[in-house]
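Fold and contact review
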Amino acid sequence: MTYRECLKPWAIARLLPNLQWAIIGRYRSRSDADGHLLLCRQRVPNIQLKVVFALPDSNDVTPDC
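Residues numbered from 1 in each chain as written. Predicted model: local features only at pLDDT ≥ 70, side-chain atom pairs only at ≥ 80, totals over all residues. Heavy atoms only, no water.

1. Here's the deal with the overall build of the chain
On a plain count of helices and strands, the chain comes out with two helices and three strands. In the chain, the succession of helices and strands from N to C terminus is α-β-β-α-β. For the chain, the exposed area adds up to about 5000 Å²; of that, 52% sits on carbon and sulfur atoms. (Helix = DSSP H or I, 4+ residues; strand = E, 2+ residues; numbered from the N terminus. Areas by Shrake-Rupley, 256 points an atom, 1.4 Å probe, with all protein chains shown as cover.)

In structure tokens, the structure reads:
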């Protein structure tokens with residue numbers, strides 16, 4: 001996880017057709033992510049989106065985080 005990703009731990013993830021999740025946006029706070037999630041759901045109601053807290057993997061932890 002890069003230092004920039006450490007600053008924005010909240011993310012919106014989209015379910016892809018191959019049943020994998022893709023991060024479509026990163027945010028500093030949960031409320032920012034929730035607000036953008038509502039906007040995305042209004043614009044494209046047919047896709048599945050979730051707000052997630054993206055923790056770093058134990059192998060990816062750097063001293064900068």
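Next comes the rest of the account.
2. Let's talk about the sheet that holds strand β2 (residues 21-27)
Within a sheet, adjacent strands bond to each other through the backbone by hydrogen bonds, running parallel or antiparallel. Spatial strand order, β2-β1-β3: three strands in an open sheet with antiparallel pairing. Edge strands, defined here as strands with exactly one partner in the open sheet, are β2 and β3 (49-53). Going across the sheet, the axis of each strand differs from the next one's by a mean of 30 degrees, ignoring polarity. Taken strand by strand, helix α2 (residues 30-43) contacts β1 (10-15), β2 and β3, and its axis lies near 170 degrees from that of β3. (Pairing = 2+ DSSP bridges. Axes fitted to C-alpha atoms, helices over the stretch in contact; angles between N-to-C directions. Contact = heavy atoms within 4.5 Å.)

3. Here we look at the nonpolar core
Counting seven residues, the largest nonpolar core consists of W10, I12, Y27, A33, L37, L49 and V51. Residues within four places of I12 in sequence aside, it is in contact with A22, I23, I24, G25, Y27, A33, H36, L37, L49 and K50. (Core = buried A, V, L, I, M, F, W, Y, C linked by side-chain atoms within 4.5 Å. Buried < 20%, exposed > 50% of the residue type's maximum accessible area, 1.4 Å probe, protein only.)

4. Regarding unusual backbone geometry
Unusually for a residue other than glycine, L19 sits at a positive phi of about 65 degrees. By the secondary structure assignment, L19 is in the loop between β1 and β2.

5. Focus on the confidence of the model for the chain
Averaged over all residues, the pLDDT of the chain is 83; the fraction at 70 or higher stands at 77%. When the criterion is pLDDT under 50, residues 58-65 qualifies, and its contacts beyond four places in sequence or with other chains add up to seven contacts. (pLDDT = per-residue confidence, 0-100.)

6. Considering the pairing of β2
Along any regular strand, the residues point their side chains to alternate faces of the sheet. Both β1 and β2 contribute to a ladder of six bridges, which runs antiparallel. The residue of β2 that forms the bridge with A13 is I23. A loop of five residues connects β1 with β2, the two strands running antiparallel in sequence, and L19 in this loop sits at a positive phi of about 65 degrees.

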